[in-house]
Each structure stands twice: as C-alpha cells, then as structure tokens.
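# Coordinate analysis (summary)
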Amino acid sequence: MNETPNTTTVIDRLSAPAPALVVGTLAWVIATAVVLLSGDRWSGALPICYAGIGVGFLGYSLFWLQRRAARKGSRGAQQGAGLL
C-alpha cells in the first residue's frame, strides 16, 4: 500500500530529449502546413517554419550522433541526458 514510485524512471522519462525533439519538429511541420494552406495571409512566416523544421532535424541528428558515440564507447561522447 505504501509503494513509492521509482523516481529514477520518471526523471529519465521526463528528461529524455528525443520525444521533445520529435514533437517540436512535428509542431513545425504542422505550422508549415497551416501557413501553406492559409495562402498569402501568413506567407511571411513560411521561412520561419522552414527554419524550425531544419533546426529540429539538426537537433535530432546531433542527439543521434552523440547517442551512437556514447553506445560505441567513444571517449569524447557525452554521457547521461538520456543518451544511453
């Protein structure tokens, strides 16, 4: 009855960068679709949407490279932050 939740798994799940990167990039993709469908009304926001998608892909690729290096055991790879 007095079970305490395992806070380590909760913290690991909430601090994992991959879901935030994927959700953020998907939000920019949706925003781009809305801007494209709205016509000329918000056409000035289109480059910002493209930049958001690009930054999202860049962030996820850097995360992926660091995770791969950490799993391979590279000395220069960052440890922690949900990389393993």
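These remarks concern the structure in this document. Here the structure is a predicted model, which means the values were calculated and not measured.

## Here's the deal with the packing of helix α2 (residues 17-37) against helix α3 (residues 46-72)
Running from N to C, α2 and α3 point in directions that differ by 160°, and their axes come no closer than 9 Å. As far as their axial angle goes, α3 and α2 are roughly antiparallel. For the pair α2 and α3, the sense of crossing is left-handed. Seen from α2, the contacting residues are Pro 17, Ala 18, Leu 21, Val 22, Thr 25, Trp 28, Val 29, Ala 31, Thr 32, Val 35 and Leu 36; seen from α3, they are Leu 46, Ile 48, Cys 49, Tyr 50, Gly 52, Ile 53, Gly 56, Phe 57, Gly 59, Tyr 60 and Phe 63.

## Description of the packing of aromatic side chains
Each aromatic ring pair is characterised by the separation of its centres together with the angle its planes make. Overall, the coordinates contain one aromatic pair when judged by the stated rule. Pairing Tyr 60 with Phe 63 gives two aromatic rings, centres 5.7 Å apart and planes at 50°, and the pair type is tilted. A residue pair is termed a helical-turn pair when its members lie 3 or 4 positions apart in one helix, as Tyr 60 and Phe 63 do in helix α3 at three residues.

## Some remarks on the side chain of Thr 25
Mapped onto the fold, Thr 25 is located in helix α2. Overall, Thr 25 belongs to the buried group, its relative accessible area being 10%. Among all residues touching Thr 25, those that are not within four sequence positions of it are Ile 53, Gly 56 and Phe 57.

## Quick look at the environment of Val 34
Examined against the element boundaries, Val 34 turns out to sit in helix α2. As for Val 34 and Leu 46, which are separated by twelve residues in sequence, their C-alpha atoms are 9.7 Å apart.

## Focus: α3
Taking 1.5 Å of rise per residue, 27 residues should cover 39 Å, and α3 covers 39 Å from first to last C-alpha, within 8% of that figure. Where α3 is concerned, the buried positions are Leu 46, Cys 49, Gly 52, Ile 53, Gly 56, Phe 63, Arg 67, Ala 69 and Ala 70. Looking at the buried residues of α3, the elements they touch are α2. Phi turns positive, to about 90°, at Gly 73, one or two residues after α3.

## What about the side chain of Thr 32?
On the secondary structure map, Thr 32 appears in helix α2. The exposure class assigned to Thr 32 is buried, which follows from its relative accessible area of 6%. In terms of polar contacts, Thr 32 uses its side chain to reach the backbone carbonyl oxygen of Trp 28, at 2.7 Å. Beyond its immediate stretch of four places on either side in the chain, Thr 32 contacts Leu 46, Cys 49, Tyr 50 and Ile 53.

Definitions and cut-offs
- Residues numbered from 1 in each chain as written.
- Predicted model: local features only at pLDDT ≥ 70, side-chain atom pairs only at ≥ 80, totals over all residues.
- Heavy atoms only, no water.
- Axes fitted to C-alpha atoms, helices over the stretch in contact; angles between N-to-C directions.
- Helix = DSSP H or I, 4+ residues; strand = E, 2+ residues; numbered from the N terminus.
- Parallel < 35°, antiparallel > 145°, perpendicular 65-115°, else oblique.
- Left-handed = near helix turned anticlockwise from the far one by under 90°.
- Contact = heavy atoms within 4.5 Å.
- Phe/Tyr/Trp six-rings, centres within 6.5 Å; stacked < 30°, edge-to-face > 60°.
- Buried < 20%, exposed > 50% of the residue type's maximum accessible area, 1.4 Å probe, protein only.
- Expected span 1.5 Å × (residues − 1).
- Polar contact = N/O pair within 3.5 Å; in protein donor to acceptor, adjacent residues only side chain to side chain.

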